[in-house]
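# Descriptive structure summary
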2 protein chains.
Amino acid sequence: MSSARREPKLDTAPPRGMRDILPDEAEIRDFAVTTILGVYRRFGFRRIETPALESLHFLTGGDGGENEKLIFKVLKRGEKLRSSQTEASDAELADLGLRFDLTVPLARYFAHNQAKLPYPLKAIQIGPVWRAERPQHGRYRQFTQCDIDILGEKSELAEIELIAATSEALLALGLHDFRIRLNDRRILIELARHCGFEDRAFNSVFIALDKLDKIGLDGVQRELDAAGHARAAVAKLVEAVRSFTERAGAGLAALPFYREGDEPYAGLGRIQAAIEQLASGYTIEYDPTLVRGMSYYTGPIFEISYGREALSIAGGGRYDEMIAKISGRSVPASGFSIGFERTVAILGARRDAGRTSEDRLAILFDPRQTAAADAVRIARDARRKHDVVLVEVKRKNFSKQLDDLKAQGIRRYAVLRPGVEDLHLIPLDGEAAAPRPADRPKRP
Amino acid sequence: MSSARREPKLDTAPPRGMRDILPDEAEIRDFAVTTILGVYRRFGFRRIETPALESLHFLTGGDGGENEKLIFKVLKRGEKLRSSQTEASDAELADLGLRFDLTVPLARYFAHNQAKLPYPLKAIQIGPVWRAERPQHGRYRQFTQCDIDILGEKSELAEIELIAATSEALLALGLHDFRIRLNDRRILIELARHCGFEDRAFNSVFIALDKLDKIGLDGVQRELDAAGHARAAVAKLVEAVRSFTERAGAGLAALPFYREGDEPYAGLGRIQAAIEQLASGYTIEYDPTLVRGMSYYTGPIFEISYGREALSIAGGGRYDEMIAKISGRSVPASGFSIGFERTVAILGARRDAGRTSEDRLAILFDPRQTAAADAVRIARDARRKHDVVLVEVKRKNFSKQLDDLKAQGIRRYAVLRPGVEDLHLIPLDGEAAAPRPADRPKRP
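From a predicted model like this one, the values you see are computed outputs, not experimental measurements. (Residues numbered from 1 in each chain as written. Chains lettered and ligands numbered in written order. Predicted model: local features only at pLDDT ≥ 70, side-chain atom pairs only at ≥ 80, totals over all residues. Heavy atoms only, no water.)

## Describing the overall build of chain A
Helix and strand counts for chain A stand at 14 helices and 15 strands. The buried share among the 444 residues of chain A stands at 56%. The contacts in chain A between residues at least 6 apart in sequence include a share of 66% that link residues at least 24 apart. Carbon and sulfur atoms make up 48% of the accessible area of chain A, which totals about 19,800 Å². (Helix = DSSP H or I, 4+ residues; strand = E, 2+ residues; numbered from the N terminus. Buried < 20%, exposed > 50% of the residue type's maximum accessible area, 1.4 Å probe, protein only. Contact = heavy atoms within 4.5 Å. Areas by Shrake-Rupley, 256 points an atom, 1.4 Å probe, with all protein chains shown as cover.)

Next up, the structure:
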């Protein structure tokens, strides 16, 4: 840098809870997007995009649950408050908001564009969403979601394809030995009813049950008791969950209210069987304790756990009622979302991640000896044989320059010499690569 | 769709001036991004990302010019106006805004992350920006920008690489016969001074000159006269421009104040010569009337015109002062931006755009005869031989279904028959493909 180093004049950090992405991570993200897109496209899914901003009345329609409280709202353009007002509400100041997920915008998109879309629509969406959450480790206010949805397919074909395609995508990323957990919102309701909870208590029961992974069965029981639910119902639920978790692999048929051949049991069984025949490198099982947070789910729900910590890396389910609320037209719908940021973090933690076998070179030159035009032409020719060819002016601090190149994944370099077109390539890997003394110029 | 068609309950259009992207266009956009990224990466550029939101004090620092008036501002979280206030300014309500370009965020990014970045940094950015412009045909309030920048290279190597890489990327997209126009902000200033304009008039002169393409030389003259500039200076400028445009290909040396071997003339000549030796399928020329809108440019500026209408599809230049304003550290910088939306529109208008040679199939089945599990398994196997394999339930309106598949780029289909694993593929192309009567089932 040409002048002396001074302190930054301004705080240059990105906004609170948001972050800059460095080149190495960007490479992993691009690899993940390309790989996932490639697999989904082979299943016939097609990418779509909606704007980052939506009308607040869509975003606050109720389907976003708690996320609706986390919306970044955009100030109306040119609005000043009238002096007669003493207190302005957000609604008077803002009419647009940044989307907090890709599902609510998809419902609007489908309602608006259905005449121009395939039906059933098999959609891929990959893009940023924003939530004004309290910043915490590993959780950001802008993050990428990666969803597939099938709109217009009422049979379990939708779930089978969503799960098969997403499993395939995770395998293609190099993630193996994950565990797919499967449940059905209607079975969950049946379970709550069977235990003796009242209908209006269901949501609160599910919220407590959803925490099983984090607080354990005792914790769930304490939370249900504290919420004042009927003691007998709580005891019955706890007993049902315990008996299931004790008998690993106990299937649907172990449910006390199971009715063979009836829906939703038969459908869930078919989903499980269809995936089991495809599954290689992962497993699928019925899990009566799987809840999934969003209240819009109406049928099968599913989640993928990865690794020893059983990190949830994908989740989804059927939401048959959502689109009718917006379009007035009933459209069956089911979707699956890969936890993109978590998946990128897993890939980034692996030593082999983003290490391509690309052949990356740097061509260095001294502008007092070689014209930039010549360096650029030689580099253009070298790109016929090599994947990446970087051109840089040779710096005074040459060994620092070589270290920088190595850190960028450059594997070999050449220093141009006047009148010489051939590249004398010197490896950069392993130990600090000391520059070899210049060979005698050879004429081509 | 399972129920009768009703009217939408809500206006489902995207927000004013924004738009939904349909699958066909999304495919072209992905093709463009992948192609451009591929070329830039081969030159050693690396992708980076910044958040969509930035602090308003960065966005309104002056380098955004007119764009700073078009910022979508985000309401502070949980802010209500105090009742004592009678009129609230935007600044009291908002502290963040959606970025209006990728250059101002890049300067902040570099200042914040420089210790972790390669130097020189060769950055790629592709992402959405937002401007609250008056909506008009072909101009949207959210659009994608696609920039490369080199930070830390003070020689013309930066400009040569920016122009070479961008030309290569456009050729890879299938755009040929474009014209690169080259100028230098310092020569522009010299020209204005030579004509006798006062220093403080330069900006207004450049703004008028920038409209040459749209309003012609007479229009520029009228605008300069109307602005009250010295008549003699206006006449001299008009004469200089006329003599240049009349002598097509008149180079730098035709400038009355040209000094051979001196900067910036020598540097501009070297850029032109370096690109000329690489150019195959495009041309580069000095254009004394090229202005480029942004006032932050300090050296060479360049633009690419395409097709008979000479649409500007890329533009850039050197901006050596911007980063020092934020980081307090002088860092030479130069960048080039492809007009992504315009480029996608050009690709979309071509018949061959997005027409891949992909082998796309649909497998259709009747769920009363074939289990979804079988259909999905057969499709999985078919994906070993074919690029895209879609599975759908055979619809009652079968010929409509085939038309829909054709519209999606599906080329062949097969209807599954019980007990038959082999796919009997029927072409969908050309004329409306009538389904062939089912062949007799064959055993494998």
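After that view, the rundown keeps rolling.
## Section: the interface of chain A and chain B
Taken together, the 119 residues of chain A in the interface contact 119 residues of chain B. Linking chain A with chain B are twelve salt bridges, by the criterion used here. For D24 of chain B, the salt bridge identified is with R46 of chain A, shortest N-O distance 2.8 Å. For the pair chain A and chain B, the number of links is 38 residue pairs in polar contact (both at pLDDT 80 or more). With nine residues, the top contributor of residues to the side of chain A that touches chain B is helix 1 (residues 23–42) of chain A. For the side of chain A that touches chain B, the per-class residue count stands at 54 nonpolar, 22 polar and 43 charged. (Salt bridge = Lys/Arg side-chain N within 4 Å of Asp/Glu carboxyl O. Polar contact = N/O pair within 3.5 Å; in protein donor to acceptor, adjacent residues only side chain to side chain. Nonpolar A, V, L, I, M, F, W, Y, C, P; charged D, E, K, R; others polar.)

## What to know about the side chain of E392 of chain A
Along the chain, E392 of chain A turns up in strand 13 (residues 388–393). Relative accessible area serves as the criterion here: at 6%, E392 of chain A is assigned to the buried category.

## A closer look at the pattern of salt bridges
Taken as a whole, this structure holds 83 salt bridges over all chains when the rule is applied. Notably, a salt bridge pairs R41 of chain A with E358 of chain B, separated by 3.4 Å at the nearest N-O pair. With R41 of chain A in helix 1 and E358 of chain B in the loop between helix 12 (340–349) and strand 12 (360–365), the pair connects residues from two separate chains. Take E358 of chain B: its relative accessible area is 17%, and that puts it in the buried class. Here R395 of chain A and D404 of chain A are joined by a salt bridge, their closest N and O atoms 3.0 Å apart.

## Focus on the relation of the copies chain A and chain B
Each copy of the sequence occupies a distinct position, and chain A is placed on chain B by a rotation of 180° and an axial shift of 0.0 Å, giving an RMSD of 0.1 Å. The two molecules are tied by a two-fold rotation axis, judged by turn and shift. Among all C-alpha atoms of chain A, that of V74 of chain A lies closest to the rotation axis, at 2.2 Å. (Least-squares fit on C-alpha atoms with pLDDT ≥ 70 in both.)

## Some points on the packing of aromatic side chains
Any aromatic ring pair is given by two values, namely how distant the centres are and how the planes are angled relative to each other. In total, this model carries 22 aromatic pairs over all chains according to the counting rule given. With centroids separated by 5.0 Å and ring planes inclined at 65°, the aromatic side chains of Y296 of chain A and Y297 of chain A adopt a geometry described as edge-to-face. The exposure class of Y296 of chain A is buried, given its relative accessible area of 11%. One aromatic cluster is present, formed by F257, Y258 and Y265 of chain A through successive ring pairs. Cation over ring: R383 of chain B sits above F43 of chain A, and NZ or CZ is 3.6 Å from the ring centre. (Phe/Tyr/Trp six-rings, centres within 6.5 Å; stacked < 30°, edge-to-face > 60°. Lys NZ or Arg CZ within 6 Å of the ring centre and 35° of its normal.)

## A closer look at the sheet that holds strand 7 (residues 178–184) of chain A
All names here are of chain A. One open sheet accounts for eight strands, arranged 1-5-6-11-10-9-7-8; its pairing is mixed. Where the open sheet ends on each side, the last strands, each with one partner, are strand 1 (46–47) and strand 8 (282–286). Bridge analysis of strand 7 against strand 8 gives five bridges, and the strand direction is parallel. Following the sheet pairing, L182 is matched in strand 8 by Y286. Docked against the sheet, helix 1 engages strand 1, strand 5 (121–130), strand 6 (142–151) and strand 11 (333–338), running at close to 160° with respect to strand 5. (Pairing = 2+ DSSP bridges. Axes fitted to C-alpha atoms, helices over the stretch in contact; angles between N-to-C directions.)

## Details of the pairing of strand 5 (residues 121–130) of chain B
Residue and element names in this part refer to chain B. With nine of its ten residues buried, strand 5 lies for the most part within the structure. Inspection of the sheet shows strand 1 (residues 46–47) paired to strand 5 by two bridges, in the parallel sense. Residue pairing in the sheet places R47 in a bridge with I124 of strand 5. Here strand 5 pairs with strand 6 (residues 142–151) via ten bridges, running antiparallel. Residue pairing for strand 6: I124 is matched across the bridge by I148.

## As for the nonpolar core
Judged by nonpolar contacts, the single largest core of 113 residues is most densely connected at Y40, F45, L151, F197 and I275 of chain B. With ten residues, the single largest contributor to this core is helix 5 (residues 157–172) of chain B. With near-sequence residues (within four places) excluded, F45 of chain B lies in contact with Y40, K122, A123, I124, I148, D149, I150, L162 and A165 of chain B. In this structure, F43, L237 and Y306 of chain A together with A382 of chain B belong to the second largest nonpolar core, which totals 112 residues. (Core = buried A, V, L, I, M, F, W, Y, C linked by side-chain atoms within 4.5 Å.)

## Some details on the environment of K122 of chain B
Residues and elements named next belong to chain B. On the secondary structure map, K122 appears in strand 5. With 39 residues separating them along the chain, K122 and E161 place their C-alpha atoms 10.0 Å apart. One polar contact links the side chain of K122 to the main-chain carbonyl oxygen of F43, over a distance of 2.9 Å.

## Re helix 13 (residues 372–382) of chain A
Summarising burial for helix 13 of chain A: eight of the eleven residues are buried, a large majority. Looking at helix 13 of chain A, one finds that the buried residues are A372, A373, A375, V376, R377, I378, A379 and A382 of chain A. Taken together, the buried residues of helix 13 of chain A touch strand 12 (360–365) and strand 13 of chain A together with helix 5 and helix 10 (265–278) of chain B.

## Focus: the confidence of the model for chain A
Residues and elements named next belong to chain A. Summarising the model, chain A shows a mean pLDDT of 89, and 90% of its residues fall at 70 or more. Counting contacts from residues 80–86, a segment whose pLDDT is below 50, to residues more than four positions away or on other chains yields 17 contacts. The model gives residues 431–444 a pLDDT under 50, and that stretch makes 22 contacts with residues more than four places away or in other chains. Predicted complex metrics record ipTM = 0.91 and pTM = 0.91. (pLDDT = per-residue confidence, 0-100.)

## Digging into the pairing of strand 13 (residues 388–393) of chain B
All names here are of chain B. The buried fraction of strand 13 is high, at five of six residues. Bridge count between strand 12 and strand 13: six bridges; the pairing is parallel. Paired with R360 across the two strands is V388, which belongs to strand 13. Crossover handedness for the path strand 12 to helix 13 (residues 372–382) to strand 13: right-handed. (Right-handed = clockwise from strand over helix to strand, strands pointing away.)

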